[in-house]
Amino acid sequence: MRLLEERILKDGQVFAGNVLKVDSFLNHQLDVQLLSEIGAEFKKIYSDCDITKVLTIEASGIGVGCMVAQFFDCPLLFAKKTKTINIKGDVYTSKVESFTHKCTYDIIVSKDFLGKDDTVLIIDDFLAKGNALLGLIDIVKQSGAKLAGCGIAIEKGYQGGGDKLRAQGIRVESMAIIDEMNDETGEIVFGTR
Ligand code: 5GP
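Q: How would you summarise the nonpolar core if you had to cite specific residues and measurements?
A: Counting residues in each nonpolar core, the largest one holds 33 residues, and the members touching the most others are Leu-4, Ile-8, Leu-20 and Ile-154. Contributions of two or more residues to this core are made by α1 (2-11), α2 (23-27), α3 (32-45), α4 (61-72), β7 (119-127), β8 (146-156), β9 (172-181) and β10 (188-191). With five residues, the single largest contributor to this core is α4. Excluding its chain neighbours within four sequence positions, the residues that come into contact with Ile-154 are Leu-4, Ile-8, Leu-20, Val-22, Leu-26, Asp-125, Phe-126, Leu-127, Ala-176 and Ile-178.

What follows is the structure in structure tokens.
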């Protein structure tokens, strides 16, 4: 998506450790107009899928997830992160290794809001190694719902998470795919899949 690529080049900051900061429009302050354009694009891409639920992970997936859900006229459901293991019978739970915080946490989703009659589109702001998506996919599997695919705002393609999932037959669509990122020069190179 050209609009997003241009915005990344204009306002994104490359940090050491493969981290792209996009706080001015995606991760802290939200450019709602841009998120709405992203929502419209995912609606086009997944128009044939009868999505009944958009699933994301707190906190930074919620903004983009809301806009996507609006276009599908369905609820946005976000997995909650928790440090205390909460294995009550009324939640689905999975473990995720955090890319940005270098720790492992549990994610939970209430069984009240996801079940076998749902068709799910998973949305997130970033895709790096794929751990966040793997946790969400695990929860969709536990619920018996159908997974239509995943929609990502910014995929760092060179970190391999997206390709690993695609190789498993999971549909992964990204609005911008970064193939190279240099924290010394700030250079960002986009690619396609
Ligand atoms: P993964 O689980 O695919 O390795 O990483 C995805 C998660 O880590 C996303 O939910 C996102 O919040 C965070 N993340 C990964 N890479 C970046 C990055 O370069 N910048 C920011 N802001 N978040 C990232």
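Q: Which residues make up the sheet that holds β8, and what are the values?
A: Hydrogen bonds between backbone groups are what pair the strands of a sheet, and the pairing can be parallel or antiparallel. Here we have eight strands laid out as an open sheet, ordered β5-β6-β4-β3-β7-β8-β9-β10, and mixed in their pairing. Strand pairing shows two members of the sheet lacking a second neighbour, β5 (91-97) and β10, which therefore form its edges. On average, each strand axis in the sheet is tilted by 30° relative to the strand beside it, whichever way the strands run. Strand contacts of α4: β3 (53-57), β4 (76-82) and β7, with the helix running at about 145° to β7, the strand carrying the most contacts.

Q: Explain the site of the ligand to me, using residue names and the numbers behind them.
A: If you check the shell around the ligand, you find 17 residues, and the closest are Leu-20, Lys-129, Gly-130, Ala-132 and Lys-156. Take Ser-60: an N or O atom from its side chain is 3.5 Å from an oxygen atom of the ligand. The contact in question runs from an oxygen atom of the ligand to an N or O atom on the backbone of Gly-130, over 2.7 Å. For the ligand, whose unbound accessible area comes to 510 Å², protein coverage reaches 90%. Of all the secondary-structure elements, those providing two or more residues to the shell around the ligand are β2 (19-21), β7 and α5 (131-143). Looking at the shell around the ligand element by element, the count peaks at four residues for β7. Residues of the shell around the ligand, tallied by class, amount to seven nonpolar, six polar and four charged.

Q: Go over the pairing of β10 with me, naming the residues and quoting the values.
A: Bridging between β9 and β10 involves four bridges; their strand directions are antiparallel. Within the sheet, the bridge partner assigned to Glu-180 lies in β10 and is Val-189. Two successive antiparallel strands, β9 and β10, enclose a turn made up of six residues, where Gly-186 displays a positive phi of approximately 80°.

Q: Tell me about unusual backbone geometry, and name the residues and values.
A: At the junction of Glu-58 and Ala-59, the peptide bond is cis and its omega measures out at -5° in the coordinates. Note on placement: Ala-59 falls in the loop between β3 and α4. Positive phi, normally seen in glycine, also occurs at Asn-18, with a value near 65°. Inspection of the secondary structure puts Asn-18 in the loop between β1 (13-15) and β2. The class for Asn-18 is partly exposed, based on a relative accessible area of 32%. Phi is positive for Asp-50, which is not a glycine, with a value near 50°.

Parameters at a glance
- Residues numbered from 1 in each chain as written.
- Predicted model: local features only at pLDDT ≥ 70, side-chain atom pairs only at ≥ 80, totals over all residues.
- Heavy atoms only, no water.
- Core = buried A, V, L, I, M, F, W, Y, C linked by side-chain atoms within 4.5 Å.
- Buried < 20%, exposed > 50% of the residue type's maximum accessible area, 1.4 Å probe, protein only.
- Helix = DSSP H or I, 4+ residues; strand = E, 2+ residues; numbered from the N terminus.
- Contact = heavy atoms within 4.5 Å.
- Pairing = 2+ DSSP bridges.
- Axes fitted to C-alpha atoms, helices over the stretch in contact; angles between N-to-C directions.
- Near = heavy atom within 4 Å.
- Polar contact = N/O pair within 3.5 Å; in protein donor to acceptor, adjacent residues only side chain to side chain.
- Areas by Shrake-Rupley, 256 points an atom, 1.4 Å probe, with all protein chains shown as cover.
- Nonpolar A, V, L, I, M, F, W, Y, C, P; charged D, E, K, R; others polar.

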